[in-house]
Each structure stands twice: as structure tokens, then as C-alpha cells.
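Structural features, examined
Below are the chains, spelled out letter by letter.
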Amino acid sequence: MGADDMKKAGQVALDRARQVSSHLNPGNDGSQDAVDSVPRRRSRPKRAEVGPPADYSDRLDQIATLERIARTPDNTHRGYQRQKQAGKLWVHERVDALLDPGSLQEVGSVSGEVEWMKQTTSDGLEQDVPRNFTPSNSVQGFGKLKGRKVVFTADDYSLRAGHADGASWEKTNYIEKLALSLRLPIVKLVDGSSGGGSVTTIRKQGFSYIPPLPAFEHIVKQLNMGIPNLGAVLGPAIGLGAARVTICHFSVMAANIGSLFNAGPQVVKNATFEDGLTMTDLGGPDMHCRNGTIDNLAGDEYEAFEQLRNVLSYLPNSGFSAPPILPTQDFSSRREESLRTLIPRRKERMYDPRLLIRLVVDEGSFFEIGSLWGTSALVGLARLAGHCVGIISNNCESPTGGALDALGSQKITKHLKLCDVMNLPILQFVDVPGYAIGTAAERSATMRHGVNLALAYYTTTTPVFSVVTRRAYGVAGGVMLDCRDPRMRIAWPSGDWGSLPLKGGIEVGHSFELKEAARKGGPEAVEELRQKLEAEYEGLMNPVRTANAFGVEAIIDPADTRSVVCTWVEHMYGGLMEERIAKRRAGVLHAQFA
């Protein structure tokens, strides 16, 4: 076949194809336009891939669900029912009652034991959702007290009575580290063992263990750095819980629900055979708020929270910062004429030392610490011209007449250390007849605790200003008034001081003369001689004579006491306390509470 023949055959085939196309597609004449008009097969849109949401909302939902479960009380849970039957707030109710509204930032809000289950979503995705959740039995985090930022721990006694559950101790240890690192006050609401162990812990872990105390290293550092540690007993504080609150700078117990002990009644029964003890019998407020284990007593939880807020208002965030200053309408120059007649001329009569304190410090500012224990002394916090100070006073209304006994010495010792680590100047009102005497005093080791008090006075360095209102006798008087060099002190015209009080002192110093008078003239001669000697010594012991010899720096009109001490404290805060804080920061000056 030639080339022409092949060309003809191709044309015939093309014509035939066009005829077939025209028959199958009417109107198609085989042109290019007709070819383009033939509908083409459209590509199907790709189906969206099924998978987890890009915004992680599934995991955020899990967290929200767990937090909702943790913060919703289970009215059917026996632990919650027991909590309410005991008249106690639930842990989240406590946190809400303590902190400023809206200030809670919880740490470890979803820590605990979760039972997960699979659930298919509407778009066919399978995901994990919580079936059951047992939160960690300790709520912790950040918050504010009267605008002051704090960290806190709060035990949940409704879950395993506050015993360790795999997360609580790790959380507690973390919060203790945060307080130390951020130099923030820490508040501890104790109800139970506060993360301590239980025999069931052994069963759960499958082995026993030597008890660890990893957080105590951080706690001791906090205490000595002056980071406020404030604790409240809001139920039975047991073992570790008892230790955590007792070691605090300040502690308070709710009278209607609080107790504290090393081990509960059942353990005590098996160890000491004391049967039938209740928690209150074993370690209630009447015991521990009177022996110094706990500082203060509160009527209920709400009053305990208010005491925590109040005491914090006097304290700095740490020993490396200054305490807050609050404006006052109480003038520094205020004269208090009633102070002139407060001290009776008759030395045997008493007066109200709390009234004395209230009349001198800023109006309404005195916060007493430890009113039920160590009653031979009064201690607390107050303000002078808006500046925070520590307060120490002897208590002539106590059974010892103001003589320092063992508990009174311990009370002042702790307060001296508190003021030292917090950089608080101390104002003390001295009316001390000496250390307590007698068999009860000797049996309670009064001198040992009195010497410890002396060590505290001479090893602390915070400024001390003394007002000698009446008596200053013996070693106790010397310790309180000769502990700083140079001495910062004034006296009232009611001053009465020496090595021994005249009552008894004359008998010791003039025993030979009195015996001779008895031998020669009988009891009448002895009494006559005693009265003569007393009259002579009374004249010699006029405090003005002491001022003549510069044995006392100044005797002032008691009505001027406030202006004098306010001038002193304003000078202290005007620069000297700033220097002290700078030395603390530089590590040149050290203070020690624990």
C-alpha cells in the first residue's frame, strides 16, 4: 500500500469515529468544542482524617472532670460523713474560708488515683475518660491572706485520715521547697497525720520502710530564715501532723474539734494500757494550749483562720525583708495619765499588765501569743507608730506573782527567737521578782530553763528596749535588763530593784543581829529591829538614789512612756533595722529559731 492509500484509509477511520460519536452524543459534531463539552468525571473531596482534636480539648476536659470530682463533696462517702458529724469543715470549704476570695491557685489539683475507661466519641474516636477518681488527701497551692501571698497545705481527713497515699508527701515536700525558694509564708491546716504513714501503706507498697523525713530539712531552713510558718490544728493532729504544726513559728488549735498526740487512743491502749481515752482526753486543747505545745486557742475553725491572718499581718515574708507598716491615727505623742496610778504604792498589790501594754502601744494593735501557758510572762505582737514590735512583759497577776517559772522562761525564749528571725524590735515591761522558788519550781527545772532564757537573751541580736515598771531582782532581773550593750531602758518612779527583795532579804543579810535580838529581848525585840531595818532600806532603795549613781539611765513620768518608746522604734526603723536586714541578706548576721 502506497502513501496515498494509507492516507485515505486513515481519513475513512476518522470519519467513521465521528459518526459513532455523533450518534451516541447528539449535537456533537466532532469538533473540538464538542469534545470539550463532554462532562468530565469530578474528583471526590478528601475525607477528613479522624483523630484527637488539634486544641488538646480532650485532655483539658479530662483535667476539668478530675478537678470537678475533687472539688465536689461525695455525700455518700463515709469519710465525708464522719467529717461532718464531727462538726468539721471539708478541706475545700476550709481553703475557701481561709483564703481571700478568688486567690486560690491550686498545685497538684488532679494528683491522686484514677480509674480510666475507654469511651467512643460521636465521631468514632476512642479516648480515655475517668471512671473513678480518689484525689490526693492534701490540698495545696498559692493564695492570699488579707492581700499577702502565701503557700498552704490543707489535710483532707475524710480520705484515709490524712495518711500518706502516694502523692500527698511528694506534694507537701514540693510546697515546703516552694516556700523556701520563693520566700513566701506557709500556712499548714493540719487534720490527721499530714501525710504520715499507716500500716495499710505497708500492705499497699508490699514492703515496710525506715520512716523518711525529707521535708524537715527545708522546714528548719524556713524557720531560721524567718519565713513565717503558721499552723492550725483542725482535728486530730497525729504523729507527723503533730510535729509539723508544733514546730511552726505560731500555732493555734480549734477548741471544738482540735487535739494533738504522738499516737491515737488505740495505739496508746496497747502500749501504756490506758483504756477508754478519747482524743480530747489524750491531747485536747486543755492540755496542749496550757503546756506550750500549741500557742493559742481559738473557739472554732473560723476564729483560728482569723488568728492566722492577724499574726501574719505583723510578720515579714522572710528575715531578708522588713515587716509591714500600717498607718495609724494614734499619735506617738499621746500621753496616758492613767499610767501614773497603775502601779500600786503597796508592793504586795497587783495590777493588770495587759492594760499597761494596751495603753502604750497603738490602739487595738496588741495580739497576745500563748495566753494560757507560761502565765508568769506575757508575750505578743503590737505596733508603735505603725511599726511592728515584739512585746514581753512579766505578769504579777500569775500564781508566781511574776517570778519566772519553767514555762514562763520557755515562753519568752521562743518569743525572743521569733522576733530575732523576723527582725522585730522588742519592747519589754519588766516587773520580775526573780526566778520562781520552792519545791515545785525545782522539780520543774526552773533554773535550767532560766539559763536557756539567758542564752536566748544573749545570743539574739534584735534591739530590746526595756521599761522597768516595778521590780527587777536577782538573776532573772539581770538577764532581762543587762542583755544589750549599751542598754536601752527607762524606769518608772515605782522602781524597786536589788539582789533580793526586802522580804526575806533582811532575814538573810541580818540573821546574826536578829538572833541576838531574839536572845536578848524575845520576839518583840526581833520585830522592832526588823521594822527599823526595813525603814532604813526603804529609804536607801528609793529609785532616785539609783539614778543619782547612774545605776538607771532615766526615770520618766509614766504618762510619757508612749512618746519615748515610739521615738525609739521610729529611730530603729529609720535605718538601723535596714542595716540589720542587709547584714542578714549578706550572710554576715545569722538568726536561729530552730
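The paragraphs below set out a description of the structure included in this document. Predicted model only: the values in this text are computed from it and were never measured. (Residues numbered from 1 in each chain as written. Predicted model: local features only at pLDDT ≥ 70, side-chain atom pairs only at ≥ 80, totals over all residues. Heavy atoms only, no water.)

**Let's talk about helix H5 (residues 91–98)**
- Considered for burial, the residues of H5 that qualify are Val91, His92, Arg94, Val95 and Leu98. Buried residues of H5, viewed axially, fall in a sector of 155°; they line one side. (Buried < 20%, exposed > 50% of the residue type's maximum accessible area, 1.4 Å probe, protein only. Helix = DSSP H or I, 4+ residues; strand = E, 2+ residues; numbered from the N terminus. Arc of directions from axis to C-beta.)

**Some thoughts on the packing of aromatic side chains**
- Using the criterion set out here, one finds 4 aromatic pairs in the structure.
- Geometrically, the ring pair formed by Tyr80 and Trp90 is edge-to-face, given 6.0 Å between the ring centres and 80° between the ring planes. One end of the pair, Tyr80, is in helix H4 (residues 78–85); the other, Trp90, is in the loop between H4 and H5, with 10 residues separating them in the sequence. Residue Tyr80 shares its accessibility class with Trp90, and that shared class is buried.
- Feature note: the residues Phe250, Tyr314 and Phe367 constitute an aromatic cluster, connected by ring pairs.
- Residue placement shows Lys149 over the ring face of Phe142; its charged tip is 5.2 Å from the ring centre.
- Sitting over the ring of Tyr314, Arg383 keeps its end group 4.1 Å from the ring centre. (Phe/Tyr/Trp six-rings, centres within 6.5 Å; stacked < 30°, edge-to-face > 60°. Lys NZ or Arg CZ within 6 Å of the ring centre and 35° of its normal.)

**Details of the layout of surface pockets**
- Its volume calculated, the largest pocket comes out at about 740 Å³.
- Looking at the largest pocket, it is lined by 24 residues, and the ones nearest its centre are Pro433, Tyr473, Pro501, Leu502 and Lys503.
- Elements represented by at least two residues in the lining of the largest pocket include exactly strand S15 (464–473), helix H18 (474–481), helix H19 (502–509) and helix H20 (511–540).
- Across the lining of the largest pocket, the residue classes tally to 11 nonpolar, 5 polar and 8 charged.
- Lining of the second largest pocket is provided by 32 residues; of these, Phe133, Thr134, Pro135, Asp156 and Leu159 occupy positions nearest its centre.
- Mapped onto the lining of the second largest pocket, the elements with two or more residues apiece are helix H3 (57–70), H5, strand S2 (112–120), strand S3 (126–135) and strand S4 (138–145).
- The dominant element in the lining of the second largest pocket, judged by the number of residues it contributes, is S3, at 5 residues.
- Looking at the lining of the second largest pocket, its residues break down into 11 nonpolar, 12 polar and 9 charged. (1 Å grid on protein atoms, 1.4 Å probe; cavity = no way out; pocket = protein on both sides within 12 Å on 5 of 7 lines; lining within 4 Å. Points joined across faces, edges and corners; volume = space filled by probe spheres on them. Nonpolar A, V, L, I, M, F, W, Y, C, P; charged D, E, K, R; others polar.)

**Section: unusual backbone geometry**
- Cis peptide bonds are those with omega within 30 degrees of zero, and the linkage from Asp485 to Pro486 qualifies with 0°.
- Examined against the element boundaries, Pro486 turns out to sit in the loop between H18 and strand S16 (489–491).
- Here the phi dihedral of Lys146 falls at roughly 50°; this positive angle occurs in a residue that is not glycine.
- Inspection of the secondary structure puts Lys146 in the loop between S4 and strand S5 (148–155).

**Some thoughts on the packing of H19 against H20**
- At a minimum axis separation of 10 Å, H19 and H20 run at an interaxial angle of 130°. In terms of axis orientation, H19 runs oblique to H20. As H19 packs across H20, the resulting crossing turns out to be right-handed. Here Leu502, Lys503, Ile506, Glu507, Val508 and Gly509 of H19 come into contact with H20, specifically with Ser511, Glu513, Leu514, Arg530, Leu533, Glu534, Tyr537 and Glu538. (Axes fitted to C-alpha atoms, helices over the stretch in contact; angles between N-to-C directions. Parallel < 35°, antiparallel > 145°, perpendicular 65-115°, else oblique. Left-handed = near helix turned anticlockwise from the far one by under 90°. Contact = heavy atoms within 4.5 Å.)

**A look at the pairing of strand S13 (residues 387–394)**
- With 8 of its 8 residues buried, S13 lies for the most part within the structure.
- Inspection of the sheet shows strand S12 (residues 377–384) paired to S13 by 8 bridges, in the antiparallel sense. Across the sheet, Leu378 pairs through a bridge with Ser393, a residue of S13.
- Linkage of S12 to S13, two consecutive antiparallel strands, is achieved through a turn of 2 residues, within which Ala385 is found at a positive phi near 55°.
- Taken together, the 4 bridges between S13 and strand S14 (residues 426–432) define a ladder with parallel strand orientation. Bridge pairing in S14 places Ile392 opposite Gln428. (Pairing = 2+ DSSP bridges.)

**Remarks on the nonpolar core**
- Membership of the largest hydrophobic core comes to 102 residues, with the highest contact counts inside it found for Leu189, Leu308, Leu404, Ile412, Leu427 and Tyr457.
- The greatest single-element share of this core, amounting to 7 residues, is contributed by helix H22 (residues 561–586).
- Counting only domains with at least three residues in this core, you end up with domain 1 (72–313) and domain 2 (337–492 + 556–586).
- Those residues within four positions of Leu427 in sequence are excluded, and the remaining contacts are Val360, Leu384, Gly390, Ile391, Ile392, Phe465, Val467 and Val565.
- Counting 9 residues, the second-largest nonpolar core is a separate cluster that includes Ala242, Val245, Leu260 and Cys289. (Core = buried A, V, L, I, M, F, W, Y, C linked by side-chain atoms within 4.5 Å. Domains from an automatic or database assignment.)

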